[in-house]
Amino acid sequence: METTLKSLLVAVSFLALAPAAYAAESAENGVELAFMPSAMDVTLLNAGGKYVAVDLKKIAKGEKCHMEKDSVIMKIGPGATPGTTLVRYAAPNLSHGGCPFMTEFELSNADYSAARAEYNAKAEEASKKIDDLKKQLGDKWNELTKSAEPQKDAEPPKN
């Protein structure tokens, strides 16, 4: 039970800390993550198209593919069409009929704003859950997370 609890807490702590670390990095690089605000068909904008490994087919530039709600997307910049944002699908497709990994497409600025707001809300929710866990566990939190950190004085494995 204790081992399971340790593993769970370590995993949750890394997940909770990742948005904060990524937010700091994204401010410097101008990269933003978001979640698709709704399921919709999008037009592929990648030059030469993209190959869909799950479906074993190629989607040409200008063809449509389906994005599911809450798919992870990343802002690339302004879209070619006024009032749009160019985004890229930032996660691999694991189901038939979906868009391939790294698909580029445009979202309306309103849809992108909603997508970004949802991402920020979920990141804030995760941070609050971690803070609650820290309060509940007290010193045990430090003990558990410290044991998950790599040891600086440990010898590297011998080959």
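Calculation rules
Residues numbered from 1 in each chain as written. Predicted model: local features only at pLDDT ≥ 70, side-chain atom pairs only at ≥ 80, totals over all residues. Heavy atoms only, no water. Helix = DSSP H or I, 4+ residues; strand = E, 2+ residues; numbered from the N terminus. Buried < 20%, exposed > 50% of the residue type's maximum accessible area, 1.4 Å probe, protein only. Contact = heavy atoms within 4.5 Å. Disulfide = S-S within 2.5 Å. Phe/Tyr/Trp six-rings, centres within 6.5 Å; stacked < 30°, edge-to-face > 60°. Core = buried A, V, L, I, M, F, W, Y, C linked by side-chain atoms within 4.5 Å.

Participant: Help me out: how do you make sense of the environment of Ser 113 in this one?
Facilitator: Within the fold, Ser 113 resides in helix α2 (residues 109-137). In this structure the C-alpha to C-alpha distance between Ser 113 and Pro 37, which are 76 residues apart in sequence, comes to 9.0 Å.

Participant: Quick question: what am I supposed to make of the side chain of Arg 116 here?
Facilitator: Here Arg 116 shows up in helix α2. According to the relative accessible area criterion, Arg 116 is buried, its value standing at 17%. If sequence neighbours within four positions are ignored, Arg 116 has contacts with Glu 32, Leu 33 and Ala 34.

Participant: How should I be thinking about the state of the cysteines in this particular structure?
Facilitator: Such a bond, covalent and formed between the sulfur atoms of two cysteines, is termed a disulfide. For the structure on display, the rule yields one disulfide. At a sulfur-sulfur separation of 2.0 Å, the disulfide partner of Cys 65 is Cys 99. Across the S-S bond of Cys 65 and Cys 99 the torsion is about 95 degrees, and the bridge reads as right-handed. Taken together, the residues span a long stretch of sequence, with Cys 65 in strand β5 (residues 64-67) and Cys 99 in the loop between β7 (84-89) and β8 (104-108) at a distance of 34 residues.

Participant: Where do I start with the packing of aromatic side chains in this structure?
Facilitator: Aromatic ring pairs: the centre-centre distance and the angle between the two ring planes describe each pair. The tally for this structure, following the rule as stated, stands at one aromatic pair. Judged by centre distance (5.4 Å) and plane angle (50 degrees), the rings of Phe 35 and Tyr 119 are tilted. In this pair, Phe 35 is assigned in strand β1 (residues 32-35) and Tyr 119 in helix α2, connecting sequence segments 84 residues apart. With relative accessibility at 16%, the residue Phe 35 sits in the buried group.

Participant: Looking at this structure, I do not really get the nonpolar core. What am I missing?
Facilitator: By size, the foremost hydrophobic cluster in this structure holds 18 residues, and its most contacted members are Met 36, Val 42, Met 67, Ile 73, Phe 105 and Leu 107. Counting residues per element, the ones that place at least two in this core are β2 (40-43), β5, β7, β8 and α2.

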